[in-house]
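Observations on chain architecture
Residue strings, one per chain:
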Amino acid sequence: MNKLSIKKKNLLLVWIPFLIITGSIFFDLLNGFIQIVLNKNFSIGVIYRGIFLLALFPYALKKQTILTNSFIFIVFFFVIANYIWLLSQSFYDPVFEIKMISRSVYLYVISSFFIYYRNTIETKKLLKFVLLFGVIGGTAIIFSYITGIGLDTYGDYAFGIKSFFPAQNDTSLALLLALLIAIYIFIKQRKFIYFIYAIVITTGCFLLGTRAGIAGSILVWITVFGGLFFFKFKDINISRLSKGIVFIIFILVLSVGIWIGLQIVVDNQYLLNKFTIDALVGGQARGRLAEAGEKIILESDFIDLFFGHGKFAHSITINYLVEGNFNELSQAEIDYLDYIGSYGIILGGIFLLIPFLFLLRSALTFFKNKTLFNFILMLGFIFYAGHSFYAGHAINSPIVSTVFSVYIFFVYMLYQECSEKAY
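Anyway, here's the lowdown on the structure attached to this text. From a predicted model like this one, the values you see are computed outputs, not experimental measurements. (Residues numbered from 1 in each chain as written. Predicted model: local features only at pLDDT ≥ 70, side-chain atom pairs only at ≥ 80, totals over all residues. Heavy atoms only, no water.)

Points about the packing of helix α7 (residues 168-189) against helix α8 (residues 192-208)
Orientation of α7 relative to α8, taken along the N-to-C sense of each, is 160 degrees, at an axis distance of 8 Å. Here α7 is positioned roughly antiparallel relative to α8, judged by the angle of their axes. Note on packing geometry: the crossing formed by α7 with α8 is left-handed. Contacts between α7 and α8 involve Q168, T171, S172, L175, L176, A178, L179, A182, I183, I185, F186 and Q189 from the former and Y194, F195, A198, I201, T202, G204, C205 and L208 from the latter. Across the contact of α7 with α8, the residue classes tally to 14 nonpolar, six polar and no charged. (Axes fitted to C-alpha atoms, helices over the stretch in contact; angles between N-to-C directions. Helix = DSSP H or I, 4+ residues; strand = E, 2+ residues; numbered from the N terminus. Parallel < 35°, antiparallel > 145°, perpendicular 65-115°, else oblique. Left-handed = near helix turned anticlockwise from the far one by under 90°. Contact = heavy atoms within 4.5 Å. Nonpolar A, V, L, I, M, F, W, Y, C, P; charged D, E, K, R; others polar.)

Shown next as structure tokens:
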């Protein structure tokens, strides 16, 4: 009986987190290979995460937290909203709506699982699983770049390869979050192998060829090492010699990174256009999508503004406003436009509010207890919020939620500790 309980504990606290975080990236790659290369309409990634969503669903109800309360409200309001959409919208697909909401609540379910076992789960292993996630992702992209086996990010007309990841923007943000953890472990452990891991993830970000991947990875290195010299962190003790070595490493990585980034951008007209001032402030294709998203919200009546139009109606309307047809589904690719347009100010507002609330908690936790780890967590939320606001593909992305759930877990736990100490 004792051996059985030990095996159950290992399954719950080691293997399930490993399969949720690290195992998922293998299925993301396999999913892309099946759908895009083999051209089969079969999503093994959805099945894989769907198993965890159903299996861990009870944990979203077991312990009363802000996540579980939000989850219950989301499910309740989503049921009501579907009835409204059925009666009021010209375009409605209940199966599509369930599929899309499942992508958004995946974060709540797996985060609730981690939080439920917060007193017994091996927190260091969670960080190692995120690190391994990033290394596998970066290695897959590097392998595809070297061998040519894989998918181009933007087709034949621009630089960038995404291996077999279906969505390059989602992958960029997930790797950036993993890169922050990799740099943290390198600074904390001060072992060269972790520096190599961080470089592998950074290289993967660059080879993706996205703005978030190239500019974001450079910003990660700048902000982390800038923090080392601006703040005195309680959890690390760096001598002047060590700071000098770290500074040299930082300058070397930054210089090489900026030089390679400039070479990539300047030598590719498509990427160069994406890095112009007009493109960066919302021009070109994404600007048209955003304008369509804004138009939908501004022209909504009270019911549509309150309950939204539904994800299906919102997506097909954006495609009509941009392309002039109803043949495909499109998004504004800015999360607040997509979520308010799809789910209204109540349900959509909850999805937008929760990450922002945890961002505030991460900042409060850091300023109450200035550790490098708290700083890394705060940066993760800042990058997540920036990507969500500027480029979308954050809240509704299962691959991002896989990594982001670890950030949610740690901020929840550390914020609770700070609150308890205050009393």
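Structural notes on the packing of aromatic side chains
Taken as a whole and assessed by the stated rule, the structure comprises 49 aromatic pairs. Ring centres of F373 and F410 lie 5.0 Å apart, and the angle between their planes is 90 degrees; this geometry places the pair in the edge-to-face category. Pair noted here: F373 is in helix α17 (residues 372-390) and F410 is in helix α18 (residues 398-422), with a separation of 37 residues, a long-range link. Across this residue pair, the class does not change: F373 and F410 are buried. Among the aromatic residues, ring-to-ring pairing joins Y59, F113, F114, Y116, Y117, Y184, F373, F409 and F410 into one connected group. Here K62 stacks its cationic end above the ring of Y116, 5.1 Å away from the centre of that ring. We note K311 situated over the ring of Y339; from NZ or CZ to the ring centre the distance is 4.8 Å. (Phe/Tyr/Trp six-rings, centres within 6.5 Å; stacked < 30°, edge-to-face > 60°. Buried < 20%, exposed > 50% of the residue type's maximum accessible area, 1.4 Å probe, protein only. Lys NZ or Arg CZ within 6 Å of the ring centre and 35° of its normal.)

So, the nonpolar core
Formed by 124 residues in total, the largest nonpolar core has its most connected members in I20, F225, F351 and Y407. With 15 residues, the top contributor of residues to this core is α7. If we ignore the near neighbours within four places in the chain, the residues touching I20 are Y48, F52, L56, Y106, I110, F113, F114 and T402. L289, A290, I296 and V322 belong to the second-largest nonpolar core, a separate cluster that totals eleven residues. (Core = buried A, V, L, I, M, F, W, Y, C linked by side-chain atoms within 4.5 Å.)

Considerations on the packing of α7 against α17
Running from N to C, α7 and α17 point in directions that differ by 170 degrees, and their axes come no closer than 10 Å. Comparing the axis directions of α7 and α17 gives the class roughly antiparallel. Judged by residue contacts, N169, L173, L177, L180, I181, Y184 and I187 of α7 engage L372, F373, I376, L379, G380, F383, Y384 and H387 from α17. Among the residues forming the contact of α7 with α17, the class breakdown is twelve nonpolar, three polar and no charged.

A closer look at the pattern of salt bridges
Counted by the stated rule, this structure contains three salt bridges. Note that D28 and R49 form a salt bridge whose closest N and O atoms lie 2.8 Å from each other. Placement of the pair is D28 in helix α1 (residues 2-37) and R49 in helix α2 (residues 44-55), with a sequence separation of 21 residues. Take D28: its relative accessible area is 8%, and that puts it in the buried class. Linking E299 and K295 is a salt bridge whose minimum nitrogen-to-oxygen distance equals 2.7 Å. Judged by relative accessible area, E299 falls into the exposed class, the value being 58%. (Salt bridge = Lys/Arg side-chain N within 4 Å of Asp/Glu carboxyl O.)

Digging into the environment of S163
With respect to the helices, strands and loops of the structure, S163 is situated in the loop between α6 (123-147) and α7. A residue is classified by how much of its surface remains accessible, and S163, at 3% relative accessible area, is buried. In this structure the C-alpha to C-alpha distance between S163 and T139, which are 24 residues apart in sequence, comes to 9.5 Å. With near-sequence residues (within four places) excluded, S163 lies in contact with L29, A140, I141, S144, G150 and L151. Looking at S163, its side chain comes within polar contact range of the main-chain oxygen of A140, at 3.3 Å. A distance of 2.9 Å separates polar atoms of two side chains, one belonging to S163 and the other to S144. (Polar contact = N/O pair within 3.5 Å; in protein donor to acceptor, adjacent residues only side chain to side chain.)

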